[in-house]
Amino acid sequence: PAHLAGRIPLTATYRLHPGLAARLAAILRDVRFLAFASQALFIAATLAAGGWLVSNLLHALEALGLDLSFGFLQRTAGFVIGQGPAMERTDSFLQAYTVGLANSLQVIVVGLVLASLLGLLAGIALLSGNWLLRTVIRAYVEVMRNTPLLVQLFFLYFAVILQLPSLANRVVLGPVILSQRGVWLPRLIPSEGFNLWIGLAAAGVLIGAVLYFRRVDRRLRTGEETRPFVWALGSLLIIVAAGWVLAGGRPIMVEYARLEGLRMVGGTRLTPEFAGILFGLVLYTGAFIADIVRAGLLAVPYGQLEAARAIGLSEMQVLRFVILPQALRVIVPPLTNQYLNLAKNSSLAIGVGFPDLYAVSKVIFSQSGQAVQTIAMMMFTYLVISLVISAVMNVINARLRIVER
């Protein structure tokens, strides 16, 4: 401005206030600011990369005449899944996806139960005083843990199950029949009076549980031996037996498989594919669980074992009342990981031709062309299954932890 002309030197330079510059320098050197800035830059770069990928995806789908909707699930599938819930060719892709999910859940649930039992028994056997038993179980654990699961599945399916005799020369192991056509097990069939009997059995379980906890409480209060397990089991057996008589004597019957002509009738059949993936997952996961159980048992201080024996407990009572309750606190966290591994490894069923969730999803996106939606649905389904398993195991882990003040 004219009124300031001559008052401000033309050569003057302007600098930040010394206090403000020092504060800015301190902020730029602050670890918290640097951490926040680096995280913000990383998030921004991730969003930019994600936006670029989504943009490319949308352009590619538009060029192919496809979209990201899920309306294709209502289209006719045009194929049949031979195992699992019944399905027709005229059913939709959604029905086919449901059948694949049911097959996967069947493998996962049965596999978790059998692998847990096998791992518990094998883990206890690893600490057995019997040298031969301990050596055999250790060899089983080492072989299973150090060979790829897919190789084991191929060996079990192609070299074992498919090499079994034909139906004419089938292998009969009591009520179990083995053949290259599958495995047949007895099947339970409810008859008249089943509802009455199962209702009384449920009441027996409830009464047995009440008696068990009451006898345990009395033992803790008085110190006398109240035998809670004997009372609970005795009451359950009496009520179940009474219900059996009241229901007419045979509320449930056992149906065995038998050969009629060239095919087996009756019983429950495990197809070679289902047997291959189920037994493979059980044997593989059971080996890892066995080592977890062994480590959990060894984690209990030896003084606990000596003290339990000193008060006159039998070896079975020592294991049941002293060792296992404390070992479970060590066993459950890594056991959760093995359960999750079994659930995710079930997707290898495609290697033996079992139509699980992954195999069915592959057929769906091959025929519909909607690969993005199908893979997203499959990922979300496996995520939900894993989160459910984790939630259940977290509840069990919380119940087992030591309560502190």
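Residues numbered from 1 in each chain as written. Predicted model: local features only at pLDDT ≥ 70, side-chain atom pairs only at ≥ 80, totals over all residues. Heavy atoms only, no water.

Here we take up the nonpolar core. Considering soluble globular proteins, one finds that nonpolar side chains tend to be buried as a cluster. Of all hydrophobic cores here, the largest spans 45 residues; its most connected members are Ile277, Leu297, Ile323, Tyr339, Phe354 and Ile389. Of all elements in the fold, only helix 3 (93-125), helix 5 (149-160), helix 8 (272-299), helix 9 (302-310), helix 10 (315-345) and helix 12 (371-400) reach the threshold of two or more residues within this core. If one sorts the elements of this core by residue count, helix 10 sits on top with 13 residues. Excluding residues within four positions of it along the chain, Ile389 makes contact with Leu112, Tyr339, Leu340 and Ala343. With 16 residues, the next largest nonpolar core counts Met87, Ala96, Val99 and Met377 among its residues. (Core = buried A, V, L, I, M, F, W, Y, C linked by side-chain atoms within 4.5 Å. Buried < 20%, exposed > 50% of the residue type's maximum accessible area, 1.4 Å probe, protein only. Helix = DSSP H or I, 4+ residues; strand = E, 2+ residues; numbered from the N terminus. Contact = heavy atoms within 4.5 Å.)

Now for the packing of helix 3 against helix 8. At a closest axis distance of 6 Å, the pairing of helix 3 and helix 8 adopts a crossing angle of 40°. Taken together, the axis directions place helix 3 and helix 8 in an arrangement best described as oblique. In the packing of helix 3 onto helix 8, the handedness of the crossing is right-handed. When the residues that make up the contact of helix 3 with helix 8 are grouped by side-chain class, the tally is 18 nonpolar, 7 polar and 1 charged. (Axes fitted to C-alpha atoms, helices over the stretch in contact; angles between N-to-C directions. Parallel < 35°, antiparallel > 145°, perpendicular 65-115°, else oblique. Left-handed = near helix turned anticlockwise from the far one by under 90°. Nonpolar A, V, L, I, M, F, W, Y, C, P; charged D, E, K, R; others polar.)

Residues Phe380, Leu383, Val384, Leu387, Val388, Val392 and Ile396 make up a contiguous nonpolar surface patch of roughly 620 Å² in combined accessible area. Among the secondary structure elements, Phe380 is positioned in helix 12. (Patch = residues over 30% accessible without salt bridge, like charges linked within 9 Å, V, L, I, M, F, W, Y side chains within 5 Å. Areas by Shrake-Rupley, 256 points an atom, 1.4 Å probe, with all protein chains shown as cover. Salt bridge = Lys/Arg side-chain N within 4 Å of Asp/Glu carboxyl O.)

Another point: unusual backbone geometry. In this structure, Arg227 takes a positive phi of about 50° despite not being glycine. The residue Arg227 is located in the loop between helix 6 (194-222) and helix 7 (228-246) in this model.

What follows deals with the environment of Asp291. Within the secondary structure layout, Asp291 lies in helix 8. Residues Asp291 and Ala122 lie 169 residues apart in sequence; the distance between their C-alpha atoms is 8.3 Å. Leave out the neighbours within four places in its chain, and Asp291 touches Leu126, Arg138, Val141 and Arg145.

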